[in-house]
Amino acid sequence: MIDLRLLREDPDRVRASQRARGEDVALVDSLLAADERRRSSGTRFDQLRAEQKQLGKLIPKAQGEEKAELLKRTKELAEAVKAADGEQQAASDEAQRLLLQIGNLVHPEAPVGGEEDFVVLEQHGAPRDFAAEGFTPRDHLELGELLGAIDTERGAKVSGSRFYYLTGVGALLEFALVQAAISQAVAAGFTPMLTPNLVKPAAMAGTGYLGQVEDDVYRLEKDDLYLVGTSEVPLAAYHMDEILEANRLPLRYAGFSSCYRREAGSYGKDTRGIFRVHQFDKVEMFVFTTPEEAEAEHQRLLAWEKQWLSSLELPFQVVELASGDLGSSASRKFDCEAWIPTQGKYRELTSTSNTDSFQARRLNIRVRDTEGTRPLATLNGTLCAVTRTIVAVLENHQQADGSVRVPEILRPYLGGREVLEPLTPASAK
RNA sequence: GGAGGCGUCGCCUAGUCCGGUCUAUGGCGCCGCACUGCUAAUGCGGUUUGGGCUUUACCGUCCAUCGAGGGUUCAAAUCCCUCCGCCUCCGCCA
């Protein structure tokens, strides 16, 4: 959530941010009104309650008629206090409800616009010229099947569309990617974390995933738990309701978890292969730091993502997303998009967001330093989303005979193997 | 899943049976000041968190906060109910 104090002092800034996001600007005025009601009813409650407490203290000492009179008065006060409390509660709930609907303040540098208005910041490497090499590239599913690495047919049989099995070298490739990614993160000072895949509503709401994207989240109604769409959720909520000493910051965590996404509203999009699936594994970076350090940390997260994709020898570009495509929590977001040869496009492989103190406010996470106790900043960034990375690696490193060259960074985790070879027809099923 | 115990302002802890004197005790830690060649020791003061009012700082003041939420009462850490978490035992189990 945004800072209520800032909203009172500079409502125009919040209005402008809402407008840039393409979200409801009128929320701002409804919230200002509710906040005003909350404060005035709160003041009344405080006064009545103070009077009630004072009189209440006299009762044990009073006698006879004086006591009867006091009891009568305090009984009336008790009623009034209860009523005022109700009003305050209602106004406060209303203000909170509205506050939670307002998106994070858009960063001044973020381009204004919708999904199409992203800005390409950098390009790394160059797409291969398969025509010049004399063959037509196979897509990742075809390659995956040749290698005995990906089985989507049986995934669909067992679990439905957008499910898959990683088999043989496919499974080994995932473990190699995860180990390489975790190694990079640990070398950079991150604490590796294995996190719960099921979380309570407070964790989900606190990270901002129960707003516009709620339909994309799996919910287990019987237990009132959610399947996480990213380990960002359990990592952010790890310090929920805590006050962290400034000298412990930054706290950098590298989480590994499965990620579950309903992909509601993406019917017909990316239906082939494992580019867009309901379940995949991911190594995610998550940082708790001070608001002053947030921007610099965001650049560091982006740098670690670039390092990772470069080490996989993938051609990619860095884009900055426009204001309308930030999601409710991010003030600024960069994606790294890898070249997918058979699509002839760059596609998102990683994404890093600066959520500033937006999630920390919702999750009640603060830092204590000389400035006092105040919300801290949280940031997140993908290190390796396994399935999409497999897509990119297979397609970009394929060879004419259907084999795939293993990037050097992964070789130690694949028993030194330099090439993944297609299964012989005899051993294929 | 069954039975029992526990949850107090950083940590430990008193208070809960029997409601008001709780403005929540004491110790440890921490912060400030004093004293002292330095350190240590000692003394004094401070030390939950949130909200309101005071100009949004300082100072001051009021309210809420004893795991969470309800209830009873003039009055709840204390009595009642529901929920959450932890511990012990039993059962089941990767």
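Rules of the game
- Sequence order as written defines residue numbering, which begins from 1 separately in each chain.
- By the order in which they are written, chains take letters starting at A while ligands take numbers starting at 1.
- Under the rules for a predicted model, residues below a pLDDT of 70 receive no local features and side-chain atom pairs below 80 are neither given nor counted, while totals for whole chains, interfaces and linings still include all residues.
- To obtain the side-chain values, all non-hydrogen atoms of the structure were included, while hydrogens and water were left out.
- For this analysis, a salt bridge means a side-chain nitrogen from Lys or Arg found within 4 Å of a carboxyl oxygen belonging to Asp or Glu.
- By the criteria applied, helices consist of DSSP H or I runs no shorter than four residues and strands consist of E runs no shorter than two, each listed in order from the N terminus.
- By definition here, a helix of n residues has an expected span of 1.5 Å times n minus one.
- Relative accessibility under 20% of the residue-type maximum defines a buried residue, over 50% an exposed one, and the middle range a partly exposed one, all with a 1.4 Å probe and only protein chains included.
- UniProt positions are given in the numbering used here, feature names are shortened, and annotations may be inferred rather than shown by experiment.
- Note on contacts: a residue pair is in contact if any heavy atoms of the two residues lie within 4.5 Å.
- Lines fitted to C-alpha atoms define the axes here, with helix axes fitted over just the stretch in contact, and angles between the N-to-C directions of these axes take values from 0 to 180 degrees.
- Our angle categories are set so that under 35 degrees counts as roughly parallel, over 145 as roughly antiparallel, 65 to 115 as roughly perpendicular, and the remainder as oblique.
- Charged means Asp, Glu, Lys or Arg here, nonpolar means Ala, Val, Leu, Ile, Met, Phe, Trp, Tyr, Cys or Pro, and polar covers whatever is left, Gly included.
- At least two DSSP bridges between two strands are required for those strands to pair.

A. Region of interest: the pattern of salt bridges. Within the structure shown, the criterion is met by 32 salt bridges. Notably, a salt bridge pairs Arg138 with Glu142, separated by 3.6 Å at the nearest N-O pair. Within the structure, one salt-bridge network assembled from shared partners comprises Arg8, Asp35, Glu36, Arg38 and Arg39.

B. View of helix H11 (residues 294–311). With 18 residues, H11 should cover 26 Å at 1.5 Å per step; its first-to-last C-alpha distance of 26 Å lies within 8% of that length. Every buried residue belonging to H11 is among Ala294, Glu297, His298, Leu301, Leu302, Trp304, Glu305, Lys306, Trp308, Leu309 and Ser311, and all of these are buried. With its phi angle positive at about 60°, Glu313 sits one or two positions after the end of H11.

C. Up close: the UniProt feature "binding site: ATP" (unreviewed entry) in chain A. Per the UniProt record, "binding site: ATP" (unreviewed entry) is found at Arg261, Arg262, Glu263, Val277, Glu348, Leu349, Thr350 and Ser351. With respect to the helices, strands and loops of the structure, Glu263 is situated in the loop between strand S9 (251–260) and strand S10 (279–289). Residue classification places Glu263 among the buried positions, given a relative accessible area of 11%. Apart from the residues lying within four places of it in its own chain, the contact partners of Glu263 are Arg162, Asp216, Arg276, Val277 and His278. Along the chain, the position of Leu349 falls in strand S13 (residues 345–354). For Leu349, a relative accessible area of 4% gives the class buried. Not counting residues up to four positions away in its chain, the partners in contact with Leu349 are Leu309, Leu314, Cys336, Glu337, Ala338, Thr382, Ala385, Arg388, Thr389 and Ala392.

D. Up close: the packing of helix H8 (residues 169–187) against helix H13 (residues 386–396). Packing of H8 against H13 leaves a shortest axis separation of 10 Å and a crossing angle of 110°. Of the possible angle classes, the one that applies to H8 and H13 is roughly perpendicular. Across the interface between the two elements, Gly170, Leu173, Glu174, Leu177 and Val178 of H8 pack against Val386, Thr389, Ile390 and Leu394 of H13. In the contact of H8 with H13, the residues fall into 6 nonpolar, 2 polar and 1 charged.

E. Layout of the sheet that holds strand S1 (residues 119–124). Judged by pairing direction, the sheet is mixed, and its 8 strands sit side by side in the order S1-S11-S12-S13-S16-S10-S9-S4 without closing on themselves. A single partner strand is all that each edge strand has here, and the edge strands are S1 and strand S4 (191–194). The mean angle between the axes of side-by-side strands here comes to 25°, regardless of whether they run parallel or antiparallel. Both strand S12 (residues 332–340) and S13 contribute to a ladder of 9 bridges, which runs antiparallel. Residue Phe334 lies in a different strand from S13, and its bridge partner there is Thr352.

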